[in-house]
Amino acid sequence: MFALVPFLSSVLAFVPFQSTNGATMKAARIASFGAPDAVKVEDAPKPAPKAGELLVRVHASAVNPVDWKIVQGLIPSLKQSFPYTVGCDVSGVVEALGADVASFQAGDEVYAYANLMRGGAFAEYVVLPASDVAKKPKSIDHAHAAAIPLAALTAWQALFDAAKLEAGQSVLVHAGAGGVGHFAVQLAKWKGAQVYATASKEKLAFVKELGADVVIDYQAQKFEELVKDVDVVFDMVGGETQTRSLGVLKKGGFLVSIVGPPSAKELEARGLRGAGMLLKPNAAQLKELATLVDQGKVKPHVSATFPLADAAKALALSKEGHTVGKIAIEVVPAPKK
Ligand SMILES: NC(=O)c1ccc[n+]([C@@H]2O[C@H](COP(=O)([O-])OP(=O)(O)OC[C@H]3O[C@@H](n4cnc5c(N)ncnc54)[C@H](OP(=O)(O)O)[C@@H]3O)[C@@H](O)[C@H]2O)c1
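Residues numbered from 1 in each chain as written. Predicted model: local features only at pLDDT ≥ 70, side-chain atom pairs only at ≥ 80, totals over all residues.

1. Let's talk about the sheet that holds strand β9 (residues 170-173)
Step number 1: Spatially, six strands are ordered β11-β10-β9-β12-β13-β14 in an open sheet, and the strand pairing comes out parallel. The open sheet has two free edges, formed respectively by β11 (214-217) and β14 (273-276), since each of these has just one partner strand. The average angle at which neighbouring strand axes cross in this sheet is 15°, direction not considered. (Pairing = 2+ DSSP bridges. Helix = DSSP H or I, 4+ residues; strand = E, 2+ residues; numbered from the N terminus. Axes fitted to C-alpha atoms, helices over the stretch in contact; angles between N-to-C directions.)

2. Comments concerning the site of the ligand
Step number 1: What surrounds the ligand is a group of 30 residues, the closest being Ala175, Gly178, Gly179, Ser200 and His322.
Step number 2: Looking at the shell around the ligand, the elements that each hand over two or more residues are α2 (65-71), α4 (149-162), α5 (179-191) and β10 (194-199).
Step number 3: The biggest single contributor to the shell around the ligand is α5, with three residues.
Step number 4: In terms of residue class, the shell around the ligand is made up of 16 nonpolar, 13 polar and one charged.
Step number 5: Inspection of the shell around the ligand shows a minimum of three residues originating in each of domain 1 (11-148 + 300-330) and domain 2 (152-276). (Near = placed C-beta within 6 Å. Nonpolar A, V, L, I, M, F, W, Y, C, P; charged D, E, K, R; others polar. Domains from an automatic or database assignment.)

3. Considering helix α11 (residues 311-319)
Step number 1: Looking only at α11, the buried set comprises Ala311, Ala312, Ala314, Leu315 and Ser318. On an axial view of α11, the arc spanned by its buried residues comes to 160°, and they lie on one face.
Step number 2: Considering only its buried residues, α11 is in contact with β1 (24-30), β2 (40-45), β3 (53-63), α2, β15 (302-307) and β16 (326-330).
Step number 3: One or two residues past the end of α11 sits Gly321, with phi positive at roughly 85°. (Buried ≥ 20, exposed ≤ 12 C-beta atoms within 10 Å, placed from the backbone. Arc of directions from axis to C-beta. Contact = placed C-beta atoms within 7 Å.)

4. Points about the pairing of β15
Step number 1: Sheet topology note: the β15/β16 ladder contains five bridges and is parallel. By the bridge assignment, Ala304 is partnered in β16 with Ile327.
Step number 2: Assessed by its sense of winding, the connection that carries the chain from β15 through α11 to β16 is right-handed. (Right-handed = clockwise from strand over helix to strand, strands pointing away.)

5. Here we look at the domain arrangement of the protein chain
Step number 1: Assigned domains within the protein chain: domain 1 (11-148 + 300-330) and domain 2 (152-276).
Step number 2: The gap between the C-alpha centroids of domain 1 and domain 2 is 29 Å.
Step number 3: Contact residues are listed per partner, giving eight residues for domain 1 and eight residues for domain 2.
Step number 4: Here the residues of the side of domain 1 that touches domain 2 sort into three nonpolar, four polar and one charged.

6. Here's the deal with the sheet that holds β1
Step number 1: Across the sheet, which stays open at both edges, the three strands sit in the order β2-β1-β4 with antiparallel pairing between neighbours. If you trace the sheet from one side to the other, it starts and ends with β2 and β4 (84-85), each paired once.
Step number 2: Both β1 and β2 contribute to a ladder of six bridges, which runs antiparallel. By the bridge assignment for β2, Thr24 is matched with Pro45.

7. Observations regarding helix α10 (residues 283-294)
Step number 1: The end-to-end C-alpha separation of α10 is 16 Å, in line with the 16 Å expected for twelve residues at 1.5 Å each.
Step number 2: If you check which residues of α10 are buried, you get Ala283, Gln285, Leu286, Leu289, Ala290 and Val293. The buried residues of α10 occupy an angular sector of 150° when projected down its axis, which confines them to one face. Turned more than 90 degrees away from the buried face of α10, the exposed residues are Ala284 and Thr291.
Step number 3: On its buried side, α10 packs onto β6 (109-113), β8 (133-135) and α4.
Step number 4: Looking at the residues trailing α10, positive phi occurs at Gly296, about 80°. (Expected span 1.5 Å × (residues − 1).)

8. Structural notes on the environment of Val215
Step number 1: With respect to the secondary-structure elements, Val215 resides in strand β11.
Step number 2: For Val215, the contacting residues outside a window of four places in its chain are Ala197, Ala199, Leu204, Val207 and Lys208.

9. Concerning the packing of α4 against α10
Step number 1: At a closest axis distance of 10 Å, the pairing of α4 and α10 adopts a crossing angle of 100°. As judged from the angle between their axes, α4 and α10 are roughly perpendicular. Contacts from Pro149, Ala152, Leu153 and Trp156 of α4 reach α10 at Gln285, Leu286 and Leu289.
Step number 2: Across the contact of α4 with α10, the residue classes tally to six nonpolar, one polar and no charged. (Parallel < 35°, antiparallel > 145°, perpendicular 65-115°, else oblique.)

10. Considering the environment of Ala146
Step number 1: Relative to the helices and strands, Ala146 resides in helix α3 (residues 142-146).
Step number 2: Between the alpha carbons of Ala146 and Thr305 there is a distance of 11 Å; along the sequence they are 159 residues apart.
Step number 3: Setting aside chain neighbours within four positions, we find Ala146 in contact with Ala60, Ser61, Ala62, Asp89, Val90, Ser91, Tyr111 and Ala328.

This is the structure in structure tokens:
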């Protein structure tokens, strides 16, 4: 992540919420950097949409490692002002529209990646640029929809925009059981690629079920002994895993990393290509993802759900680093079935 900090600083600047008309809401915020238990659920001003924005009643959010990294102050380039409301994934219902928003109406069920620049999703309400928002998949509840935006957009943009993965090609997905990885495996299969994926032993069956052709217990096996000449490596681990991954790519192959760019010198010496990547909001891609979900081709997996009041516990669980699929935050409790 540290290698990503200069990368982040070139593209990020903190955007504060507009202040409001005195109404309040519950929000999970920090007053200063700290461990996950620095996050307190407290009264905060209810935001108001400006021109081009939507006010969304948040029904659910999801946890991403970047949330606790921000809370700990590991991404200083964001230049947060305090209090800072945590959270980047949103699924909810449009409550109000700013001026010049024609594409949505009050009552629409929507989902979005609330840009790192904004955060604010662990709250009862969030304001989002309408251009970043898409209608949520109809076939799943808010907790599962909220599991999609940041992680699935990252997988999409890494595999298809950066590495240009195509049908018939092969890809090694590291950490295939995690938030980004479980979408990457499914999206690569949907594209028609041959998928190798690493995970720890107890998660291999889960990754196989997602569609991986070959699953590798990265603690017991050396992936480079089982994977040869792939077109693409998707790295979300970094360090020596990234370095060793260069050896499994075919000449001209592409290593895309979301935790730090590969060395340009190493790539050149081996005749490879590669890049680091930071996701961007993209409503058109969210629309495509919603269609894939409603067609049953991609399934978000939620392994744990916490109420907003327990946001700190959810962040602490993510920080342990062993998440299967996603951890959801329910802001509006789902109706009992
Ligand atoms: N640049 C960007 O735009 C961007 C976007 C999203 C995420 N990220 C970063 O990407 C990383 C992954 O995000 P995430 O949301 O997928 O995290 P996550 O949901 O916490 O999943 C992490 C997964 O990594 C696995 N893992 C840990 N060490 C491994 C290794 N050596 N080999 C294979 N798997 C390993 C863990 O499984 P085990 O328990 O089995 O080890 C776990 O399932 C985080 O550092 C995050 O901050 C960057």
